[in-house]
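Letter by letter, the chains look like this.
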Amino acid sequence: MTETKKARVVIGMSGGVDSSSAAALLVEQGYDVVGITLKLWPQDCVNRAEDKCCGPQAVTDARAVSHKLDIPYYLVDEAEDFQKQVINYFAEEYKAGRTPNPCVMCNEKLKFGTLISRARQLGAEKVATGHFARVELSADGARHLLKRGRDSRKDQSYFLFSLKQEQLARTMFPLGELTKNDTREIARDCQLKTADKEESMEICFVPDKDYGKFLEQSNLVRKHQGDIVDVHGRVLGRHDGIEFYTIGQRKGLGISSPKPLYVVELDAQNNRVIVGDESMLDRAEFSVERCNWIPWETPPTTIEATAKIRYNHPGTPATITPTANGGARVKLHAPQRAITPGQACVFYQDDLVLGGGWIVR
């Protein structure tokens with residue numbers, strides 16, 4: 001009896017331990033694996049950090065792992081698309097007084113957009129990544145569901161909420177059932193050079209976390225002065241551009257006041273940074289737009305769920321009312337601090353990702 005060859009899978013390789021171990025698992029499971037690194041950064045990257053996804057070291061490591069696993073490896077230049085879909089979005093959001101979430105955009109447009117079309121060209125039906133998340137079929141087999149990764153501390157489902165059914169249908173997350181420690185063990189067992197590589201938590205193209213400097217150096221934003229005002233419109237100071245501020249910020253305002261002041265709103269239209277006391281950061285109701293719903297084609301009229309207002313937020317009980325325009329009203333059962341326009345709000349029921357949307361002012 002001839003053994004049937006398992007399907008071809010393209011794995012996105014970032015040069016880190018997670019994608020390396022995911023590739024090793026797929027090989028072990030008998031898949032016909034092809035490694036791809038999307039080169040997202042132009043040669044003159046202002047933050048060409050050695051070990052970030054735009055750095056030469058990441059490519060070297062991904063290539064070495066592919067060689068060790070004896071799988072074909074390709075480096076695909078997607079710098080132009082990354083500039084358009086992620087970097088420009090990043091700058092435009094800040095200019096509009098919102099705080100962007102580039103990782104969600106990069107996943108939706110590139111890792112599960114471009115990578116899927118590249119996979120097709122290579123005759124692969126599925127793409128895999130090293131994300132800690134799970135994809136499962138619904139009980140009736142009609143929908144692909146997204147679930148949290150088993151390792152709650154590493155779960156990355158938040159960044160994947162915007163994936164559509166056709167993307168989820170073609171996606172594999174080999175690490176979904178594993179912990180970070182398991183992942184390192186796999187890499188060590190396979191003697192992969194990335195086994196003990198440190199992981200980066202910051203945005204890949206802003207390695208020093210100073211996004212203001214990045215926006216300026218990249219000529220995406222120029223300093224332009226405006227007023228810092230209190231909630232009654234009284235001018236308290238000046239700023240160099242609303243792009244350099246985020247909701248909830250306290251440090252670096254350059255104004256003196258008897259009690260601490262925080263950025264409570266960014267008014268792009270009038271080029272003003274609005275500050276107030278800490279109590280003004282708490283809110284219980286807000287709207288989201290451009291919702292993506294995963295278990296349903298059309299969501300129920302009201303949904304009880306846990307809402308995560310940013311990636312490192314623990315989540316809080318909420319009642320969600322989807323609206324006719326593709327958005328939703330969110331009512332949190334307890335007010336939360338610094339709900340930030342431009343960030344993703346993602347809804348969960350236990351491990352199941354219901355979907356989410358983008359917070360509006």
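Look up a bit, the structure's there.
Computed from a prediction, not measured in an experiment: that's the story for all the values here.

On to the sheet that holds strand β9 (residues 235-239). Here four strands make up an open sheet; going across it, the order is β9-β8-β11-β10 and the pairing mixed. Each edge of the open sheet is held by one strand with a lone partner, namely β9 and β10 (262-267). When the angles between neighbouring strand axes are averaged without regard to direction, this sheet yields 30°. When strand β8 (residues 226-230) meets strand β11 (residues 272-276), the two strands line up parallel, connected through four bridges.

Our focus in this paragraph is unusual backbone geometry. One non-glycine residue, Asp70, lies in positive phi territory at about 60°. With respect to the element layout, Asp70 can be found in the loop between α2 (56-69) and β3 (73-77). Even without being glycine, Gln191 reaches a positive phi, approximately 55°. Tracing the chain through its elements places Gln191 in the loop between α6 (180-189) and α7 (211-217). Using a relative accessible area of 58% as the deciding quantity, one classes Gln191 as exposed.

Turning to the environment of Ile294, a few remarks are in order. Here Ile294 lies in the loop between β12 (282-293) and β13 (303-308). Sequence separation between Ile294 and Ser14 is 280 residues, and the spatial gap between their C-alpha atoms is 27 Å. Not counting residues up to four positions away in its chain, the partners in contact with Ile294 are Arg143, His144, Leu145, Leu146, Phe161, Leu163, Gln165, Leu168, Val353, Leu354 and Gly355.

Two measures describe an aromatic ring pair: the distance that separates the ring centres and the angle between the ring planes. Scanning the model with the defined rule gives 13 aromatic pairs in all. Aromatic side chains Phe90 and Phe214 sit 6.0 Å apart centroid to centroid with 65° between the ring planes, which places their arrangement in the edge-to-face category. Placement of Phe90 in helix α3 (residues 79-95) and of Phe214 in helix α7 is noted, with a sequence separation of 124 residues between them. For Phe214, a relative accessible area of 1% puts it in the buried group. Residues Trp293 and Trp296 carry aromatic rings whose centres are separated by 6.0 Å and whose planes lie at 50° to one another, so their mutual orientation is tilted. For Trp296, a relative accessible area of 22% gives the class partly exposed. Joined through ring pairs, the aromatic side chains of Phe82, Phe90, Tyr94, Phe205, Tyr211 and Phe214 make up one cluster. Directly above the aromatic system of Tyr348 lies the positively charged group of Arg148, at a separation of 3.9 Å from the ring centroid.

Conventions used here
- Residues numbered from 1 in each chain as written.
- Predicted model: local features only at pLDDT ≥ 70, side-chain atom pairs only at ≥ 80, totals over all residues.
- Heavy atoms only, no water.
- Pairing = 2+ DSSP bridges.
- Helix = DSSP H or I, 4+ residues; strand = E, 2+ residues; numbered from the N terminus.
- Axes fitted to C-alpha atoms, helices over the stretch in contact; angles between N-to-C directions.
- Buried < 20%, exposed > 50% of the residue type's maximum accessible area, 1.4 Å probe, protein only.
- Contact = heavy atoms within 4.5 Å.
- Phe/Tyr/Trp six-rings, centres within 6.5 Å; stacked < 30°, edge-to-face > 60°.
- Lys NZ or Arg CZ within 6 Å of the ring centre and 35° of its normal.

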